[in-house]
Amino acid sequence: MNSPENLRQKEVNISDYINILLRRRTVFFRGFLAAFVGVAIFTFLMKPVYEASSTVYVKDDKTKLGMSELLMMGNPASAQAEIEIIKSRSIAEEVVRDLYLDWKIVPSSSSASCQVVNLSSTDTGKSYILTMTGPDSFVVRDADDGILGNGKCGVLFRHGAFALQVQLYGAKGDSFTLKKLNFNRAVENVRKASTVKEVGRLTNVIQIAYQNNDPVLSRNVTNGLVQAYLNKSLLFKTQEASRSVSFIETQLQGVKDDLNRAETKLQEYKSSSGIVLLDTEAQELIKSFSELEKERFAISLQKKQLEFALTSQKENLSQGNSYSPAVMKDDPLVAQMAASLAQLEVQKRSLLVTYQKSHPAVQTVQSQIDELQRKIRATYNTGERNLSKQESDVNLRLARQEEMLRKIPATERDLARYTRLAKVSADIYTFLLQKHEEARIAKASTISNINVIDTAITPDIPVRPEKMKYLLIGLVLSLIVGIALTFVLEYLDDSIKNETEARELLGVTHLATIPYLGGDEDEKLEDKGRFANMTHTNPRSAAAEAFRALRTGIHFSSIAQRKQVIMLTSSFPGEGKSTISSNLSITMAQNGFRTLLIDCDMHKPTQYSWLKVPRSPGVSEVLASDIDLARTIHPTDVPNLSFMPAGNTPPNPSILLSSQAMRDLLERLRGMYDQIIIDVPPILPVTDTVVLTVLADIVLIVIESARVPSAAAVRTRQLLVDANAPVAGFVFNNKTLRSSIEYGYGRYGYGYGYGYGYGYGYGYGYGYGQDQTKKKKKRSYLPPLLNSLVNKIGGIKIFKFFE
């Protein structure tokens, strides 16, 4: 005999899967509908998300293109570097500050709006409420409803660390709730909702997009990202020029003050001394002195520019950016190194298209770039030392000029000193003005290599949800969910599904398969009586033919020579045993045999209500010697068919059925009838069937499809084998074409229940049937599936009594 595990390992084909879906179609459709409705609700309740996008073009700022760069037709390394800059935290921080995205502003009505000009506070998480008191006035309250003051639109309002300047639009009484959010979290939200990517491959065209439920905000943030990126790009390129301009402007202010003071003192001295002119020798000396001072200042300015260049190189290299010399470009050595550096950068970028940074070829080029950067830094350091020597030489010459000034007559010496200060300050001031203009022009002439192709506009169509797309995806997912749920339940369900499994588990002959007869689980028992005589009322139906096939199968069975007394049982109640007994009796009678149907199910008799005869007197009264046998046998509408009801339920039916009186009763009936069909209780809940099997010529087992667990079927067979029951075969009652598989065994009234646990831990309850007309409890999936699952994962025995 094969175990349930062996049965599952057998080869299956596509028809088996189709049969599973058909058998569990209710489960499939429920899972499908639940998933699809969930997707539909999510789709139609989802807030629309708008996306604004802008595109920029990153030009190569090299003046000369090498052959390799021309062949590349683009610069992927440069584009990727620019993408990382746009996605950087510093860019997002600038956008959050400019657009006040670290504040949440909620108007009280949809018609009210707020335009922020200035908004700041150091208290994160604190809320403020603005209530309009007029067209351009409002009152400010805190979260505790304390009034902070009155404000006017367009005018800066301050209260401690809170500063506010807004334009409010709405009616009197409209309010706006302002809440300070965590700045870092607001920055991360901007970065998460932003997407930066290159359009196409090797195009150097970058698309910047931002998604938000507010279309205006998505446009503003996108344009803010682009503007912040442009500002940072220009800052990278003009940092040395900016530092030079700032340094010269600082020096200009100091020289201008010195010049004003020198000229004032010179005029005062001329007025007080009466000396207004110097001799020719003194004038030449002052002119020479002024030129030396101007030369010293020029050397000092060049040293500062070299310091700025060294600082810029260090900052760029620490950030992983390339550095191109911006000073000493007129030096042939520096110009040659700048050209070589540009060629190596192009070569590196071409290699990065194919290889990773760790590739030996890329590492070789990178080492050459690093060597050139070291040479440039060494050149700058050498230039700085040379300028220091020149500055020392100029200082010595100035000292000699100072000695010569001391030799001038005393009357002219003071005038010469004041004239020298005024002359030197004037010449240096003129020199600085010239250098300032040159540096300013150099800074202004720096053109960004970023061109904005398209600025972001306010989107009018949301990018999400794409309703048709979501519904189509939901349709596919729902199909997957339905199929998956169906096969999961099928895997957890170890019940017998077909005749092959039943034959291999029971080890007996398959006599017939009874098709689905119809009806509903919630029907009253007496209403199901129309199925009990279906063979008589509808003899040409498929069900009637199946019962005739069962009669033929019994006739050709070789279990015993005598087949006069036939007993039908099942594993559980509700498997159709009584209906099959009744229809089998009809087919026997229709074949001309004097047939008697005996209802020995004293716990829950049903035949009497279907055949519309009194329940008592019956078998129990005859066995108790309370009444004559003739009074318990009732004729039926079917010729040659008689019926004996179960009678009143005794205290212990199994003792009564195993008595000698029962043996004597069957011997008497054998002489009166050709065929005796006995309807007995299910074998697992009670012991009545086991004690009756010794009195029968053959025993038939009724198995309902997808109802009986494998372990329960094995236990049924074992009980019959232990009792030496003459089992002729089994009848497969196919009740799965109606709906999905449902488990549970209903409510059968009141009384005691006999619990039995075996194998997978099933328990069965079977009580007395005082209330025959109650509707059955709707079946559920839980008991067998849970028992099967627990058995698979741990082999735990669960004893469950079904009411």
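Remarks on the pattern of salt bridges
Argument step 1. Going through the model one piece at a time under the given rule, you end up with 19 salt bridges.
Argument step 2. For Glu-93, the salt bridge goes to Arg-97, with nearest N and O atoms at 3.9 Å. Residue Glu-93 and its partner Arg-97 are both found in helix H6 (residues 89-99); the two are separated by 4 residues, about one turn of the helix.
Argument step 3. Residue class for Glu-93 comes out buried when judged on its relative accessible area of 19%.
Argument step 4. With a shortest N-O distance of 2.9 Å, Asp-679 and Lys-577 are connected by a salt bridge. Within this pair, whereas Asp-679 is found in strand E18 (residues 675-679), its partner Lys-577 is found in helix H18 (residues 577-590), the two being separated by 102 residues in sequence. Neither Asp-679 nor Lys-577 differs from the other in exposure class; each is buried.
Argument step 5. In this structure, a network of salt bridges that share partners links the residues Arg-89, Glu-93, Arg-97, Glu-188 and Arg-191.

Considering the confidence of the model for the protein
Argument step 1. The predicted model of the protein averages 78 in pLDDT, with 76% of residues at 70 or higher.
Argument step 2. The least confident element of the protein is helix H4 (residues 67-72), whose mean pLDDT is 36; the most confident is strand E15 (residues 595-599), at 96.
Argument step 3. For the stretch residues 1-5, pLDDT sits under 50, and the model shows 11 contacts to residues farther than four places along the chain or on other chains.
Argument step 4. Note on residues 768-803: pLDDT is under 50 here. Beyond four places in sequence and across chains, it has 98 contacts.

What about the environment of Val-508?
Argument step 1. Along the polypeptide, Val-508 turns up in the loop between helix H14 (499-506) and strand E13 (510-514).
Argument step 2. Of the residues examined, Val-508 reaches a relative accessible area of 18% and is grouped as buried.
Argument step 3. The spatial distance from the C-alpha of Val-508 to the C-alpha of Val-727 is 7.5 Å, given a sequence separation of 219 residues.
Argument step 4. Other than its neighbours up to four places away in sequence, Val-508 contacts Arg-503, Val-727, Gly-729 and Phe-730.

Comments concerning the sheet that holds strand E10 (residues 194-198)
The pairing of strands in a sheet comes from backbone hydrogen bonds and takes either a parallel or an antiparallel form.
Argument step 1. Strands sit in the order E10-E11-E1-E12 across an open sheet of 4 strands; the sheet is antiparallel. Each edge of the open sheet carries a strand with a single partner, namely E10 and strand E12 (450-454). Here the average twist between neighbouring strands, direction ignored, is 25°.
Argument step 2. Across 8 bridges, strand E1 (residues 50-58) lies against strand E11 (residues 205-212) in antiparallel orientation.

Brief notes about the layout of surface pockets
Any empty space left between the atoms is revealed when a probe the size of a water molecule rolls over them.
Argument step 1. Counted as a void, the second largest pocket has a volume near 1,200 Å³.
Argument step 2. In terms of lining residues, the second largest pocket is bounded by 30 residues, among which Leu-101, Trp-103, Asn-212, Asp-214 and Leu-217 are the most central.
Argument step 3. If you list the elements that add at least two residues to the lining of the second largest pocket, you get H6, strand E2 (103-107), strand E3 (113-120), helix H7 (183-193), E11 and helix H8 (215-273).
Argument step 4. Its residues assigned to classes, the lining of the second largest pocket comprises 18 nonpolar, 7 polar and 5 charged.

What to know about the nonpolar core
Argument step 1. If you look at the biggest cluster of nonpolar residues, it comprises 48 residues, and the most contacted ones within it are Ile-598, Met-662, Leu-669 and Ile-678.
Argument step 2. For this core, the element with the most residues is helix H24 (residues 710-722), which contributes 5 residues.
Argument step 3. When sequence neighbours within four positions are dropped, the list of residues in contact with Ile-678 reads Val-565, Ile-566, Met-567, Leu-568, Ile-598, Cys-600 and Leu-666.
Argument step 4. Ala-543, Leu-584, Met-588 and Val-638 belong to the second-largest nonpolar core, a separate cluster that totals 29 residues.

Quick word on the packing of aromatic side chains
Each aromatic ring pair is characterised by the separation of its centres together with the angle its planes make.
Argument step 1. Evaluated as defined, the whole model comprises 8 aromatic pairs.
Argument step 2. On the basis of an interplanar angle of 40° and a centroid distance of 6.2 Å, the ring pair of Trp-103 and Tyr-128 is categorised as tilted. One end of the pair, Trp-103, is in strand E2; the other, Tyr-128, is in strand E4 (residues 127-132), and 25 residues separate them in sequence.
Argument step 3. By relative accessible area, Trp-103 is classed as buried at 6%.

Let's talk about the sheet that holds strand E6 (residues 147-152)
Argument step 1. Spatially, 5 strands are ordered E2-E9-E4-E5-E6 in an open sheet, and the strand pairing comes out antiparallel. The sheet terminates laterally at E2 and E6, the two strands that pair on one side only. For this sheet, the mean angle separating the axes of adjacent strands, direction not counted, is 20°.
Argument step 2. Pairing of E2 with strand E9 (residues 175-180) involves 5 bridges; the strand directions are antiparallel. Residue pairing in the sheet places Ile-105 in a bridge with Leu-178 of E9.

Concerning a nonpolar patch on the surface
Argument step 1. A surface patch of nonpolar side chains, amounting to about 440 Å² of accessible area, comprises Met-468, Leu-472, Leu-475, Leu-479 and Ile-483.
Argument step 2. The topology assignment puts Leu-479 in helix H13 (residues 467-492).

Here we look at H18
Argument step 1. Taking 1.5 Å of rise per residue, the 14 residues of H18 would be expected to cover 20 Å, and the 20 Å separating its terminal C-alpha atoms lies within 8% of that figure.
Argument step 2. Counting buried residues along H18, 13 of its 14 residues qualify, which places the element largely inside the surrounding structure.
Argument step 3. Positioned one or two residues after H18, Gly-592 has a phi angle of 95°, which is positive.

Examining the packing of helix H17 (residues 542-556) against H18
Argument step 1. Between H17 and H18, the shortest axis-to-axis distance is 9 Å and the interhelical angle comes to 75°. When the axis of H17 is compared with that of H18, the two are roughly perpendicular. Of the residues in H18, those touching H17 at Phe-547, Arg-548, Leu-550, Arg-551 and Ile-554 are Ile-580, Asn-583, Leu-584, Thr-587, Met-588 and Gln-590.
Argument step 2. Of the residues that constitute the contact of H17 with H18, the class distribution is 6 nonpolar, 3 polar and 2 charged.

Regarding unusual backbone geometry
Argument step 1. With omega at 0°, the peptide bond leading from Arg-464 into Pro-465 counts as cis.
Argument step 2. Here Pro-465 is to be found in the loop between E12 and H13.
Argument step 3. Put simply, Ser-616 and Pro-617 share a cis peptide bond, and its omega is 5°.
Argument step 4. Assignment of secondary structure puts Pro-617 in the loop between helix H19 (607-611) and helix H20 (619-623).
Argument step 5. Backbone geometry places Tyr-100, a non-glycine residue, at a positive phi of 55°.
Argument step 6. For Tyr-100, a relative accessible area of 18% gives the class buried.
Argument step 7. One non-glycine residue with positive phi stands out, namely Ala-706, at about 55°.
Argument step 8. Relative to the helices and strands, Ala-706 is located in the loop between strand E19 (698-704) and H24.

The rules behind the values
Residues numbered from 1 in each chain as written. Predicted model: local features only at pLDDT ≥ 70, side-chain atom pairs only at ≥ 80, totals over all residues. Heavy atoms only, no water. Salt bridge = Lys/Arg side-chain N within 4 Å of Asp/Glu carboxyl O. Helix = DSSP H or I, 4+ residues; strand = E, 2+ residues; numbered from the N terminus. Buried < 20%, exposed > 50% of the residue type's maximum accessible area, 1.4 Å probe, protein only. pLDDT = per-residue confidence, 0-100. Contact = heavy atoms within 4.5 Å. Pairing = 2+ DSSP bridges. Axes fitted to C-alpha atoms, helices over the stretch in contact; angles between N-to-C directions. 1 Å grid on protein atoms, 1.4 Å probe; cavity = no way out; pocket = protein on both sides within 12 Å on 5 of 7 lines; lining within 4 Å. Points joined across faces, edges and corners; volume = space filled by probe spheres on them. Nonpolar A, V, L, I, M, F, W, Y, C, P; charged D, E, K, R; others polar. Core = buried A, V, L, I, M, F, W, Y, C linked by side-chain atoms within 4.5 Å. Phe/Tyr/Trp six-rings, centres within 6.5 Å; stacked < 30°, edge-to-face > 60°. Patch = residues over 30% accessible without salt bridge, like charges linked within 9 Å, V, L, I, M, F, W, Y side chains within 5 Å. Areas by Shrake-Rupley, 256 points an atom, 1.4 Å probe, with all protein chains shown as cover. Expected span 1.5 Å × (residues − 1). Parallel < 35°, antiparallel > 145°, perpendicular 65-115°, else oblique.

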